[in-house]
Amino acid sequence: MNTNLGTTLVESLPTNAIFDNFTVIVDLTILKASLDDSVGIYIRGDSNLEHDYRIDLNSNGTFDIAKEYLDSRNNPQSSFLDGPRNSSTLNPPGSQNTIMVIMNDSQLQLFFNTTKVSTVIDTDYMAGQVALFAHAGEDSQGVAVSFRRVEIDKLQENLPG
């Protein structure tokens, strides 16, 4: 649970290990969320999670895939690679969702509850850590999420596109 407004509570998995080509599967249930809250997964993040891909499940029922980075003045920036948009495959708050991300070289495939919802190509981050997060927006009443299962498996070999 994160009750500190405008902050992100982060838990790296496992102990800041570095992954390149892998599958991550997370079962999560949003227990409580206010406007501007989000939960999700950081993928291929650097040691400070200043350069990474971020999968957001937003409190308004949308999702997005963002790329985070520092600009030339070291200010945090974020650009959307997909979304934010709705997906009928996402279950509402209070119900469990299974999120699967397959990272294969420059390709990120995102699945909600076994249905592929997005594929993006980006060559900037080819390896990094995985982390879970809960973000409390500026007007949050607190965000709570239950992460039930987290599984990370290295791809045995590169999969075809």
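1. So, the pairing of strand β5 (residues 62-70)
- In terms of residue burial, β5 counts as a mostly covered element, since seven of its nine residues are buried.
- Pairing geometry for strand β4 (residues 52-58) and β5, over six bridges, is antiparallel. Of the residues in β5, the one forming a bridge with Y53 is K67.
- Following β4, the chain reverses through three residues before pairing antiparallel with β5; G61 in that reversal takes a positive phi of roughly 90°.
- Two elements, β5 and strand β6 (residues 76-86), share eight bridges in a ladder whose sense is antiparallel. Each bridged residue has a counterpart across the sheet, and for L70 the counterpart in β6 is P76.

2. Comments concerning the packing of aromatic side chains
- Throughout the structure, instances matching the rule amount to four aromatic pairs.
- Relative to Y125, the ring of Y53 has its centre 5.0 Å away and its plane inclined at 55°; by these criteria the two rings are tilted. Of this pair, Y53 sits in strand β4 while Y125 sits in the loop between β9 (115-121) and β10 (129-136); the two residues are 72 residues apart in sequence, bridging distant segments of the chain.
- The exposure class assigned to Y125 is buried, which follows from its relative accessible area of 11%.
- Ring geometry for F63 and F112: centres 5.0 Å apart, planes at 90°, overall edge-to-face. In this pair, F63 sits in strand β5 while F112 sits in strand β8 (residues 107-112), placing the two residues 49 residues apart along the sequence.

How each quantity is defined
Residues numbered from 1 in each chain as written. Predicted model: local features only at pLDDT ≥ 70, side-chain atom pairs only at ≥ 80, totals over all residues. Heavy atoms only, no water. Buried < 20%, exposed > 50% of the residue type's maximum accessible area, 1.4 Å probe, protein only. Helix = DSSP H or I, 4+ residues; strand = E, 2+ residues; numbered from the N terminus. Pairing = 2+ DSSP bridges. Phe/Tyr/Trp six-rings, centres within 6.5 Å; stacked < 30°, edge-to-face > 60°.

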